[in-house]
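Chain by chain, the residues run as shown.
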Amino acid sequence: MDFWQRYRAIDARDTRFDGQFYTAVRTTGIYCRPSCPARTPKASNVTFYETSAAAHDAGYRACKRCLPEAVPGTPAWNLRQDIAGRAMRLISDGVVTRDGVDGLAARLGYSSRQLNRILNQELGAGPLSLARAGRAQTARTLLVSTSMKLADVAFAAGFSSVRQFNETMAEVFGMTPTALRTARHPRAPAGSTALTLNLPYREPFDPGVFNFLAVRAIPGIEAGTPTSYARTLRLPQGDARFRVEYDAGAPGRPLTLTIGAVDLRDLPALLSRVRRLFDLDADPVAIDSALAGDARLAAAVAGTPGIRMPGAMDPAEMLVRAMAGQQITVAAARTALTQLAAVGRPSRSPGEGLERMFPTPAEIAGGGPAVLRGPQRRIGALLAAAAAMADGGLDFGYGDSPESLAAKLLPLPGVGPWTTGYLAMRILGAPDVFLANDAAVRNGIRALGEGTAASSADFREASPWRSYATMHLWRAAARPASGTRRRTAAHTNQGTRPAEEANR
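Every residue gets a number counted from 1 within its own chain, in the order that chain's sequence is written. Residues qualify for local features only when their pLDDT is at least 70, as the model is predicted, and side-chain atom pairs are given and counted only at 80 or more; totals for whole chains, interfaces and linings, by contrast, use all residues. Note that water and hydrogens are dropped before the side-chain values are worked out from all heavy atoms of the structure.

I'm lost on the overall build of the chain in this one. Help?
Regarding its fold elements, the chain presents 23 helices and eleven strands. Only C-alpha atoms enter the radius of gyration, while the globule expectation follows 2.2 Å times N to the 0.38, with N the number of residues. Its C-alpha radius of gyration of 23 Å places the chain within 12% of the 23 Å reference for a compact globule of 504 residues. The principal-axis extents of the C-alpha atoms in the chain amount to approximately 65 × 55 × 50 Å. Residue burial is assigned from relative accessible area. The probe radius is 1.4 Å, only protein chains are included, and a residue is buried under 20% of its type maximum, exposed over 50%, and partly exposed in between. Classification of the 504 residues of the chain by burial places 55% in the buried group. Residues count as neighbours in contact if any of their non-hydrogen atoms are within 4.5 Å of one another. Once local pairs closer than 6 in sequence are excluded, the contacts in the chain between residues at least 24 apart make up 69%. When the accessible surface of the chain is totalled, it reaches about 20500 Å², and 52% of it is carbon and sulfur. When charges are counted, Lys and Arg contribute as positive and Asp and Glu as negative, whereas His and the chain ends are disregarded. The location of each charge is read from NZ of Lys, CZ of Arg, CG of Asp or CD of Glu. Separation between the mean location of the 60 positive side-chain charges and that of the 44 negative ones in the chain comes to 3 Å. By the criteria applied, helices consist of DSSP H or I runs no shorter than four residues and strands consist of E runs no shorter than two, each listed in order from the N terminus. Areas reported here follow the Shrake-Rupley algorithm with a probe of radius 1.4 Å; residue values treat only the protein chains shown as occluding.

Structure (structure tokens):
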């Protein structure tokens, strides 16, 4: 967007752009979200910033009226697969807090000096400032949503000291942490260690993502319903357990995150991964507008606005799940993964029927042969991938691009373009993946109709949102046909790989 497109967005107070850029006003020294209800400033006094960190570095503080930090993030970090987008995904996952700028740069294949230069040029702030802005946002959320002690908030948000926490909050928000805290947050019952937070998102929101996760839930590790999802999760500092619930009947249709157990140092990473899992930073209006332009998808988009693309809580786990579920039904994949889960250790923070952890690559490589069933070629491929991850020879994650992810995974036996495309969707949030050879995609196309003579086979009309077109096609393939449930050739919402890949 250019200056005047953004200026028109703030003049219209368009909530779709909240979190996608920030408006700084020189005469007031504050920055706002695009939908701020205050009077629209003169264009000559306005500077737009890609990130709140850039506004901080330029000397602006957050608006107390519109609370620009209390909004969904930008979908650009998934849409952009350049170094800036990849860096932002890793920063959101807490890499700078855990490993420093050098650790972030090493993951991206750059020197720290090069990375600082690139991020300052592209985003207006370096990695330390971007990480600091994320910590401030997490701290504000905890202050207004929980009754945690201020010192606990400071360390949970990733600050190294209470003094640093106090100084940052005063600089960013122009208020002390005590003043930021309000009396409106729900207090946890006495003796409770659970944290309850509301997750902001852009409307509309299709809760079908809960069904997607529920039918794939592994007993003891995950539990899902049409409006809730819970699971255990291994994070850098320890085990965690959480639940997300959607209430379509409540004012604002809230998404509520309840954290039953977590090491406070892992809280920012957990929040980031939950947001990725439910695709909460997506811009559904822009996506739906593009998809509705394809005659084959128009009715599906009208009937299911705001469809989400489920992400991945753990990249290594996602690879295992994808390989274990290839060329079989969702139910069969769930059975296989339930058997595999037996080699994982018990959770150190069990509760609500969730008592196990998804096995690590090392546990799969060691114990997998005793529990895995099926074709030996598939089992051997999965065990080889697990062994490569366990010994460090295979390392991939949120900081990859679709190209680098494919380069790392395609040499593995049993991995082909379908697998890498699917993982790019789930792990990276890549929005423009179309799985043309997927059996369920083909079934979905038949269910929705072939379209017009001008319709392209690869749905290029829906670019750059073809991953969401894939979600609609999977949904169409899963619907009952003529009053009976139609069986697809493989994963109802994952499909199968083409036959030539199965022979790798």
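There's plenty left to go through after this.
Would you mind going over the nonpolar core with me for this structure?
Inside soluble globular proteins, nonpolar side chains tend to come together where they are buried. Among the nonpolar cores identified, the biggest contains 134 residues, and Phe278 and Leu319 are the most heavily contacted of them. Discounting residues that sit within four places of it in the chain, leucine 319 has contacts with Ala385, Met389, Leu394, Phe396, Leu409, Leu412 and Leu423. In this description, a nonpolar core means a group of buried Ala, Val, Leu, Ile, Met, Phe, Trp, Tyr and Cys residues linked to one another through side-chain atoms lying within 4.5 Å.

I'm lost on the packing of aromatic side chains in this one. Help?
Each aromatic ring pair is specified by the distance between its two centres and by the angle formed by the two planes. Only rings of Phe, Tyr and Trp enter the pairing, Trp through its six-membered ring, and a pair is recorded when the two centres are within 6.5 Å. The plane angle decides the type: under 30 degrees is stacked, over 60 is edge-to-face, the rest tilted. For the coordinates displayed, the defined rule picks out 18 aromatic pairs. Between the aromatic rings of phenylalanine 3 and tyrosine 7, the centroid separation amounts to 6.2 Å while the plane-to-plane angle is 10 degrees, which identifies the pairing as stacked. With phenylalanine 3 and tyrosine 7 both in helix α1 (residues 3-11) and four residues apart, this pair spans about one turn of that helix. According to the relative accessible area criterion, tyrosine 7 is buried, its value standing at 15%. Between tyrosine 49 and tyrosine 60, the ring centres sit 6.1 Å apart and the planes meet at 55 degrees, which makes this aromatic pair tilted. Taken as a pair, tyrosine 49 in strand β3 (residues 46-49) and tyrosine 60 in the loop between α2 (52-57) and β4 (61-62) lie far apart in primary sequence, eleven residues in all. By relative accessible area, which is 11% here, tyrosine 60 ends up buried. Counting every residue linked through ring pairs, the aromatic cluster contains Phe3, Trp4, Tyr7, Phe17, Phe21 and Phe48. Placement of a charge over a ring requires the Lys NZ or Arg CZ to be within 6 Å of the ring centre, with the centre-to-atom vector within 35 degrees of the ring normal. Above the face of the phenylalanine 159 ring, arginine 135 is positioned so that its terminal group lies 5.8 Å from the ring centre. Lying over the aromatic face of phenylalanine 459, arginine 296 brings its terminal NZ or CZ to 3.7 Å of the ring centre.

What should I look at first to understand unusual backbone geometry in this one?
Across residues other than glycine, the phi torsion is negative in most instances, and most of the peptide bonds are trans. The amide bond that connects glutamate 203 to the next residue, proline 204, takes the cis arrangement and shows omega of 0 degrees. Here serine 463 and proline 464 are connected by a cis peptide whose omega angle stands at 10 degrees. If you trace the backbone, proline 464 turns up in the loop between α21 (439-448) and α22 (466-478). One non-glycine residue, aspartate 279, adopts positive backbone phi at about 55 degrees. Residue glutamine 327 is not a glycine yet carries a positive backbone phi of 65 degrees. Assignment of secondary structure puts glutamine 327 in the loop between α15 (315-324) and α16 (330-341).

Please clarify how the pairing of strand β7 (residues 228-235) should be interpreted in this entry.
Along any regular strand the residues' side chains alternate between the sheet's two faces. With seven of eight residues buried, β7 lies mostly within the body of the structure. When DSSP locates at least two bridges between a pair of strands, those strands are taken to pair. Relative to β7, strand β6 (residues 222-225) runs antiparallel, the two sharing four bridges. In the sheet register, glycine 224 faces β7, and the bridge partner there is tyrosine 229. Two successive antiparallel strands, β6 and β7, enclose a turn made up of two residues.

Any chance you could explain the sheet that holds strand β9 (residues 255-261) here in plain terms?
To summarise the sheet geometry, strands pair through backbone hydrogen bonds and adopt either a parallel or an antiparallel arrangement. Strand order in the open sheet made by the five strands is β5-β9-β8-β7-β6, with antiparallel pairing throughout. The two strands at the open ends of the sheet, each matched to only one other strand, are β5 (195-198) and β6. Ignoring strand direction, the axes of neighbouring strands in this sheet form an average angle of 20 degrees. Lines fitted to C-alpha atoms define the axes here, with helix axes fitted over just the stretch in contact, and angles between the N-to-C directions of these axes take values from 0 to 180 degrees. Lying on the sheet, helix α12 (residues 267-277) is in contact with β5, β7, β8 (238-246) and β9; it crosses β7 at an angle near 135 degrees.

Explain the environment of leucine 394 here, please?
Structurally, leucine 394 is set in the loop between α18 (376-390) and α19 (402-409). Put simply, leucine 394 and alanine 316 are 78 residues apart on the chain and 9.5 Å apart in space, counted from C-alpha to C-alpha. Apart from the residues lying within four places of it in its own chain, the contact partners of leucine 394 are Leu319, Ala385, Ala388, Met389, Lys408, Leu409 and Leu412.

How do you make sense of the packing of helix α17 (residues 361-371) against α18 when you look at a structure like this?
Two quantities define a packed helix pair, namely the angle between the axes and the distance from one axis to the other. With their axes 7 Å apart at the nearest point, α17 and α18 run at an angle of 145 degrees to one another. Crossing angle aside, the handedness with which α17 passes α18 is left-handed. Together, Pro361, Ala362, Ile364, Ala365, Gly368 and Pro369 of α17 and Leu382, Leu383, Ala386, Ala387, Met389 and Ala390 of α18 make up the contact between the two elements. Here the residues of the contact of α17 with α18 are counted per class, giving eleven nonpolar, one polar and no charged. By convention, the crossing between two helices is left-handed when the near helix turns anticlockwise from the far helix through less than a right angle, and right-handed when the turn is clockwise. Each residue is assigned to one class: nonpolar for Ala, Val, Leu, Ile, Met, Phe, Trp, Tyr, Cys and Pro, charged for Asp, Glu, Lys and Arg, and polar for all the others, Gly among them.

Before we go on, may I ask you to explain the confidence of the model for the chain in this structure?
Any region with low pLDDT has predicted coordinates that should not be read closely. The score called pLDDT rates the predictor's confidence residue by residue, from a low of 0 to a high of 100. Summarising the model, the chain shows a mean pLDDT of 90, and 92% of its residues fall at 70 or more. This model gives residues 183-192 a pLDDT under 50, and the stretch forms nine contacts once residues within four places in sequence are excluded. Below a pLDDT of 50 lies the segment residues 482-504, which in the model reaches 74 contacts outside its immediate sequence neighbourhood of four places, other chains included.

Can you help me understand the sheet that holds β3 in this one?
Strand order in this open sheet of four strands is β3-β1-β2-β4, and the pairing throughout is mixed. Single-partner strands in this sheet number two, and they are β3 and β4. Sheet topology places strand β2 (residues 30-32) next to β4; two bridges connect them, and they run parallel. Following the sheet pairing, tyrosine 31 is matched in β4 by alanine 62. Helix-sheet contacts for α1 involve β1 (22-25) and β3, and the interaxial angle to β3 is about 100 degrees.

What am I meant to see in the side chain of histidine 472 here?
Considering the arrangement of structural elements, one finds histidine 472 in helix α22. Classification of histidine 472 by relative accessible area gives buried; the value is 2%. Beyond its immediate chain neighbours, meaning those up to four positions away, histidine 472 contacts Leu291, Leu297, Ala300, Val301, Thr304 and Ile307.

Please explain the environment of threonine 338 as it appears in this structure.
As for its placement among the helices and strands, threonine 338 is situated in helix α16. Judged by its relative accessible area of 31%, threonine 338 falls in the partly exposed class. Here the alpha-carbon distance between threonine 338 and valine 371, two residues 33 residues apart in the chain, equals 9.7 Å.

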